[in-house]
Structure formats: C-alpha cells, structure tokens
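Coordinates in review
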Amino acid sequence: MELDAPVRELLDRYHSMGGAGLDLDDPAVLAMIRATAIQTDNDLSDGPVDGVEIRDVVIGDVPVRLYRPPSERTLPLHVYYHGGGFILGSALSGELDGLLARRALDAGCLVASVEYRLAPEHPFPAGVDDCYSAFAGLIAQANEYGVDVDVVTVGGGSAGGNLAAVVALMARDKNGPRIALQLLEIAGLDLTSSSHAWRNPGPGHDSTREADVAWNDRHLSSPAERVHPYVSPYFAADLEGVAPAYVMNAEFDPRRDECEAYVARLQDAGVPAVSRTMAGHVHGSVALPDWQPARDWRAEVNAVLAAANRAALAGRPIELPE
C-alpha cells in the first residue's frame, strides 16, 4: 500500500532525527533532540474549542494540566499521559491544549494531563511513580476538582499509552481506584522490542529495533528491567482484573504486534478488550493536523471515551465497539 504524502513526510522527519546513531547519554545530543523533536500542532483540535477551562495544578509533587468543559455537576475523569519515548514531551507546553480540550468537550469529562518526570535524568520508576501518584491524588481530591470517582479512565499515546497501561496494572495490584477503561494509542507494551515486526522491518516503520531498544533503555536503570511488568505490561504474569481496554494501533507501526498480543492476553484473562488497527497509519500519524484519517482517529477516541463515560454513569458495563 502506498502511504499518503503527509505520512511519508512524517516518516522522513522521523528518519532525519537519526535515532540509530545518537548518543543519548550526551547532554548536548539530548538537548538537540528535545529542541528539534516533532511537535504536534498547537491547534490540533479539529475545530474551535470554546468554553473549556484550562488550568494548572499540582497533585502531590506532580504538575497536572486540567481541561474542564462547561458543567455544574461532577464529571468523569480521564487521566492522560503524553508520548515522547519517555524522554520528550510535556503536559504544560501547550501543544496538547487543542487536542485535550476537544476531548474534554466531546467526551463530557475532566481531562487531566500529567507532567511526569522524564528519562534519562529520572529513570524508572520515577516517571511511573508520578503517573500513578497523580492518578490516585486526583481521585483522593475528587471533591476539590469536581470528579465523579465512579467514572475514571486512563489513556495516552505511544510512551503515554505504555504508562496508561502500567497505571491500570498498578491500580489492580494496589487495590487502588477502579478504572472503567484504559484507552491506549500506538502504545509500546513490550520494551524488549522482540516481536516479529520489530525483527522484520517493513514499509512505514519509524525506527529500527536497535534504535528503539537503545531509546527505551534510557527509561531504565538496567536492561533487566525491560521485562518488569511496570515497564512492559505485556510481561505481567497475570492480567485478570485489569481494566477493560480499547487499544488503537497503526497499520504500519511495528508496535502493532505487541498491541494485538496484549489484547489477546487480556481477553484470555477474561478482560473485555478490543484491538483496533487504523488503516494507512504509521506511528504518530494520528497527530497530523489536516490529514482526514488522523481526524477520524481522534474522533473515534473521543467517541469511545464518551460512550464509556455514559455507560459508567448509568451503572452499565462498558460495551466496547468491535
């Protein structure tokens, strides 16, 4: 299949960053990557977003940006984790404001975007701990933020999808707050990058296996942590009781294999889970501002979240679309 022009241009930008040969331990190289990293459009909102209040708070020691649609009642809570390979990105930069304000409005919920600590300055489990701390802290302060604690979801893209899946695991393991849905997009769920797709590169792949492992290892204190379930949720010994999952992957993303495998493991454990492959997409093309398949992806995310919120508010089991 021939990739659309905007997707080919995105891949060219990825490849120009030269991930395979970069010394990520060199502060100057890391600063260069952060300065030149591909950013999503500040108006990634698919139209005007009026009336959504945006404010920054601190939950424990973790900064969080809140997006609240107009409402006088308590709202469902959606905790979002940004992508960036555990090294890049920020909840406070403004680049996600349009996307998440639109999500808050369309899904009728309070969206909380978490500013977790980044690697390599803060290796595992620092960022993971921030993600769970913000999640649990928001629910503990539900009255202050107008949150309905019975309707809580988590989500994220790429590394953020990994972190959302990890938070869902931790909530199960810690007997923490109940999560109605984990909404994972282009998530890396096996940081060993050992699937067939990673070992057999194909058109549309954004990176090599060697570069991906080297990048992901900056999130870790040692290679042995690659199979820790809070690093690679796919390796969790038992997934029974984890939150239902809607997992969206890109047709030409090597992470597609691990997304599909994770959904199969969830289903085998009796967890409602759906794997959704988006045709024509590569890793990160969901963020293209003017490409219609990316708009369709973003609209689907918001529709799935809205349906999950409605079901939970009504006390009904979530029925995931096939």
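Only a predicted model underlies this, so the values are computations on that prediction, with no experimental measurement involved.

Topic: the overall build of the chain
- Looking only at helices and strands, the chain has 10 helices and 8 strands in total.
- If you line up the chain on its principal axes, its C-alpha atoms span 50 × 45 × 40 Å.
- Going through the 322 residues of the chain one by one, you find that 55% of them count as buried.
- The long-range share in the chain, meaning contacts at least 24 apart out of those at least 6 apart in sequence, stands at 77%.
- For the chain, the exposed surface amounts to about 13,100 Å²; the carbon and sulfur share of it is 50%.
- Treating the 25 positive side-chain charges of the chain as one cloud and the 46 negative ones as another, the clouds have centres 3 Å apart.

What about helix 9 (residues 256-268)?
- Compared with an ideal rise of 1.5 Å per residue, which puts 13 residues at 18 Å, helix 9 spans 18 Å between its outermost C-alpha atoms and is within 8% of the ideal.
- Taken as a whole, helix 9 has its buried residues at Glu258, Cys259, Tyr262, Val263 and Leu266. Looking down the long axis of helix 9, one finds its buried residues gathered within 140 degrees of arc, a one-sided arrangement.
- Note on helix 9: the residue one or two positions beyond its end, Gly270, has a positive phi of about 85 degrees.

What to know about the environment of Val114
- Positionally, Val114 belongs in strand 4 (residues 110-114).
- According to the relative accessible area criterion, Val114 is buried, its value standing at 0%.
- With 33 residues separating them along the chain, Val114 and Tyr81 place their C-alpha atoms 5.7 Å apart.
- Every residue in contact with Val114, bar those within four places of it in the chain, is listed here: Val62, Pro63, Val64, Val79, Tyr80, Tyr81, His82, Ala91, Asp130, Cys131 and Ala134.

Considering the environment of Val79
- As for its position among the elements, Val79 is in strand 3 (residues 75-81).
- Apart from the residues within four sequence positions on either side, Val79 is in contact with Ala112, Val114, Phe135, Leu138, Thr153, Val154 and Gly155.

A closer look at the sheet that holds strand 4
- Strands sit in the order 1-2-4-3-5-6-7-8 across an open sheet of 8 strands; the sheet is mixed. At either end of the open sheet lies a strand with only one pairing partner, and these are strand 1 (53-59) and strand 8 (273-278). Between one strand and the next, the sheet's axes are offset by a mean angle of 20 degrees, whatever the strand orientation.
- Here 4 bridges tie strand 6 (residues 181-185) to strand 7 (residues 245-250), and the two strands are oriented parallel to one another.

Considering the pattern of salt bridges
- Counting across every chain of the model gives 14 salt bridges.
- A salt bridge links Arg103 to Glu185, with the shortest nitrogen-to-oxygen separation between them at 3.3 Å. Taken as a pair, Arg103 in helix 3 (residues 97-107) and Glu185 in strand 6 lie far apart in primary sequence, 82 residues in all.
- Across the pair Arg255 and Asp253 runs a salt bridge, and its minimum N-O distance is 2.7 Å. For the pair Arg255 and Asp253, a shared accessibility class is recorded, and that class is buried.
- One salt-bridge network, in which partners are shared between bridges, spans Asp206, Asp212, Asp253 and Arg255.

Reading guide: rules and limits
- Within each chain, residue numbers correspond to sequence positions counted from 1 in written order.
- Given that this is a predicted model, residues contribute local features only at a pLDDT of at least 70 and side-chain atom pairs are listed and counted only at 80 or more, while totals for whole chains, interfaces and linings are drawn from all residues.
- The basis for the side-chain values is all heavy atoms of the structure; hydrogens and waters are excluded.
- Where helices and strands are cited, they refer to DSSP runs of H or I of at least four residues and of E of at least two residues respectively, numbered from the N terminus.
- Each residue is placed in one exposure class: buried if its accessible area under a 1.4 Å probe, protein chains only, is under 20% of its type's maximum, exposed if it is over 50%, and partly exposed if it falls in between.
- Two residues form a contact once any of their heavy atoms are found within 4.5 Å.
- Surface exposure here means Shrake-Rupley accessible area, sampled with a 1.4 Å probe, where a residue is shielded only by the protein chains that are shown.
- Note on charges: Lys and Arg go in the positive column, Asp and Glu in the negative column, and His and the chain ends are not counted at all.
- Here the site of a charge means NZ on Lys, CZ on Arg, CG on Asp, or CD on Glu.
- Helix span is expected to be 1.5 Å times the residue number reduced by one.
- The directions from the helix axis to the C-beta atoms form the arc being described.
- Criterion used throughout: strands pair if DSSP finds at least two bridges between them.
- Lines fitted to C-alpha atoms define the axes, with helix axes restricted to the stretch in contact, and inter-axis angles between N-to-C directions lie between 0 and 180 degrees.
- The salt bridge definition used is simple: a Lys or Arg side-chain nitrogen within 4 Å of an Asp or Glu carboxyl oxygen.

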